[in-house]
Amino acid sequence: MRGKLWGGRFKSNTDKIVDDFNASIHFDKRLFREDIEGSMAYCKMLAKQGIITKGEAATILNALHEIYGEIESGNFTFNETLEDIHTHIEKALVEKIGPLGEAIYTGRSRNDQVALDTRLFTKNSTIRIINLIKDFQLSLIELAEKNQDLIMPGYTHLQRAQPVLLAHHLLAYYEMLKRDMERYKQALKRTNVLPLGSAALGGTTFNVDREFLSRQLKLETITANSMDAVSDRDYVLEFIFTSALLMMHLSRLCEELIIWSTQEFDFIEISDAFATGSSIMPQKKNPDIPELIRGKTGRVYGNLISLLTTMKGLPLTYNKDMQEDKEPLFDTVDTVKKSLIIFSRLLKEIDFKEENIKEAIEKGYLVATDLADYLVSKGMTFREAHHLVGDMILSAKKGERELHELDLSEMKRFSTLIEKDVYGWLDPLSCVNRRNIAGGTGPEMVKKALTKAKEELKS
Ligand code: ARG
């Protein structure tokens, strides 16, 4: 059967329904750059090894250039019967320069070819995402610096816990994203490996210079086992896992923005340009963007589980199941890139409502830990102090008062250790100031952390 790369041993044509079901061209055409880049390097290597002449190599490279231009400009016709991007480019090459076009498939299978394309694509996407994380971190730092002195309630169990600097809260996300970036960089090392030379599964019989190919393609090293090279997709999975973790971090910040913009909290205002309304309730202003990022996190988790499940039962080596790796990969790349880009912009569209936040830190006994610490400084054990402050809160609650609203004689009834200096411990600013411990919310520490973060982003 003519027309198919594998048509030799077939007497009749494939059924149309089979062509349709088998085809991946509608999504893997996205790999055309990587596919052509790989073929160009391979062509140069064949010439260097004397497998084709320099003149032949020049003709092939020229034609590949043309095909690249045609696809890039939208002047290339894709056709479902040609299965995938590898077949399309090979056929186009032969159409342009005749049987010579087939020369660059000497010693190469679609199995090592698709592995290379997928590695290059994952690598390029990882580098792009690392840069987008940096942009996002910069926006976080800008927002922190814009509100450098703002004290807000810190929460545990979503109950007011202790006063903290907003900048400290935002820098927590800087740290999470810093680890995500490290994970992408580590995964990149394992992606940056050349599978070519593995051919179908056992390695090629031709004198392919793999080291030369890896240098040409700017890959760090070559795969050590041809069967592993054509059959594993762990680098794709690592990429998606790292992305899932990143999305989880973004989603948590989204959740906070959503909560903070409720009427119940009313801590922030998202600009009109970055919010939406309701078609029926005229008063509504909805935080769709953080909601969507939170929602899209689920997609990326789905992609991870989808590919893990696809891979789990596959015997070595290549199986067509593995064609199912691309859509989860592409969808993850698109989702993560779009989410990071819009989230960076969104951070510039947030205003903190200082008055409301100030009111919130004054109610809810956020300084209770500090009052207990005060008693410890006067010689009480912490457990006893904890209990005593609990009693004081119960009593204050009856009169709907905060701790700093109790007068000294009332406080002394709980403990004679309490003196006038106690009031200095009950002010949220002093609570924050006392936490100048490494990693704490004390203003000096937060300032240092901001400086350090900015330095890290420069390097
Ligand atoms: N479209 C295929 C994929 O993405 C390319 C590899 C095909 N190899 C094969 N032996 N049929 O996995």
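Criteria and cut-off values
- Residues numbered from 1 in each chain as written.
- Predicted model: local features only at pLDDT ≥ 70, side-chain atom pairs only at ≥ 80, totals over all residues.
- Heavy atoms only, no water.
- Helix = DSSP H or I, 4+ residues; strand = E, 2+ residues; numbered from the N terminus.
- Rg over C-alpha atoms; globule rule 2.2 N^0.38 Å.
- Buried < 20%, exposed > 50% of the residue type's maximum accessible area, 1.4 Å probe, protein only.
- Contact = heavy atoms within 4.5 Å.
- Near = heavy atom within 4 Å.
- Polar contact = N/O pair within 3.5 Å; in protein donor to acceptor, adjacent residues only side chain to side chain.
- Areas by Shrake-Rupley, 256 points an atom, 1.4 Å probe, with all protein chains shown as cover.
- Nonpolar A, V, L, I, M, F, W, Y, C, P; charged D, E, K, R; others polar.
- Salt bridge = Lys/Arg side-chain N within 4 Å of Asp/Glu carboxyl O.
- Lys, Arg positive; Asp, Glu negative; His and termini not counted.
- Phe/Tyr/Trp six-rings, centres within 6.5 Å; stacked < 30°, edge-to-face > 60°.
- Lys NZ or Arg CZ within 6 Å of the ring centre and 35° of its normal.
- Patch = residues over 30% accessible without salt bridge, like charges linked within 9 Å, V, L, I, M, F, W, Y side chains within 5 Å.
- Charge placed at Lys NZ, Arg CZ, Asp CG, Glu CD.

Visitor: Help me understand the overall build of the protein in this model?
Guide: On a plain count of helices and strands, the protein comes out with 18 helices and six strands. Relative to its length of 459 residues, the protein is extended, with a C-alpha radius of gyration of 31 Å against a globular reference of 23 Å. Here the protein, with 459 residues, has 49% of them falling under the buried criterion. Put simply, 75% of the contacts in the protein that link residues at least 6 apart link residues at least 24 apart.

Visitor: Honestly, the site of the ligand in this entry has me stumped. Any pointers?
Guide: Inspection of the region around the ligand gives S24, D28, D84, H86, R110, N111, V114, Y318, Q323 and K326 as its neighbouring residues. Contact between the ligand and Y318: an oxygen atom at 2.4 Å from a side-chain N or O atom of the residue. Q323 has a polar side-chain atom sitting 2.7 Å from a nitrogen atom of the ligand. Protein burial of the ligand: of its 350 Å² of free accessible surface, 87% is covered by the chains. The element that contributes the greatest number of residues to the shell around the ligand is helix α6 (residues 110-146), accounting for three residues. Looking at the shell around the ligand, its residues break down into two nonpolar, four polar and four charged.

Visitor: What is the right way to look at the pattern of salt bridges in this model?
Guide: For side chains bearing opposite charge, pairing can occur when the charged atoms are close. Scanning all chains against the criterion turns up 30 salt bridges. Here E175 makes a salt bridge to K178, at a shortest N to O gap of 4.0 Å. With E175 and K178 both in helix α7 (residues 166-191) and three residues apart, this pair spans about one turn of that helix. Residue E175 is classed as partly exposed on the basis of its relative accessible area of 35%.

Visitor: Sorry, what's going on with the side chain of E402 here?
Guide: Counting through the fold element by element, E402 comes out in the loop between α15 (382-398) and α16 (408-414). It is K363 that comes nearest to the buried, bridge-free E402 among opposite-charge side chains, at 6.1 Å. Only 3.0 Å separates the side chain of E402 from the backbone nitrogen of Y365, close enough to count as a polar contact. Among all residues touching E402, those that are not within four sequence positions of it are E362, K363, G364 and Y365.

Visitor: Teacher, can you tell me more about unusual backbone geometry here?
Guide: Of all residues except glycine, most have a negative phi; of all peptide bonds, most are trans. Residue T317 is bonded to the preceding L316 through a cis peptide linkage, with omega at 0°. Take T317: it is sitting in the loop between α11 (288-311) and α12 (326-347). The phi dihedral of D266 falls on the positive side, at around 55°, and the residue is not glycine. Mapped onto the secondary structure, D266 falls in the loop between α10 (234-260) and β5 (268-270). Judged by relative accessible area, D266 falls into the partly exposed class, the value being 23%. A positive phi angle, close to 50°, is found at E400, a residue other than glycine. Locating E400 in the fold gives a position in the loop between α15 and α16. Take E400: its relative accessible area is 74%, and that puts it in the exposed class.

Visitor: How should the packing of aromatic side chains be read in this particular structure?
Guide: The description of an aromatic ring pair uses the distance of the two centres, along with the angle that the planes make with each other. Counting across every chain of the model gives nine aromatic pairs. Linked through ring pairs, Y155, F265 and F267 together constitute an aromatic cluster. For the cation-ring pair, R119 lies above Y235, with the distance from its terminal atom to the ring centre recorded as 4.1 Å.

Visitor: Would you explain a negative patch on the surface in this entry?
Guide: Together, D149, E354, E355, E359, E362, E405 and D427 make up a negatively charged patch on the protein surface. Under the relative-accessibility criterion, E359 is labelled exposed at 55%.

Visitor: How should the environment of T77 be read in this particular structure?
Guide: As for its position among the elements, T77 is in the loop between α4 (54-73) and α5 (85-97). A residue is classified by how much of its surface remains accessible, and T77, at 69% relative accessible area, is exposed. Taking the C-alpha atoms as reference points, T77 and Y423, 346 residues apart in sequence, are found 78 Å from one another.

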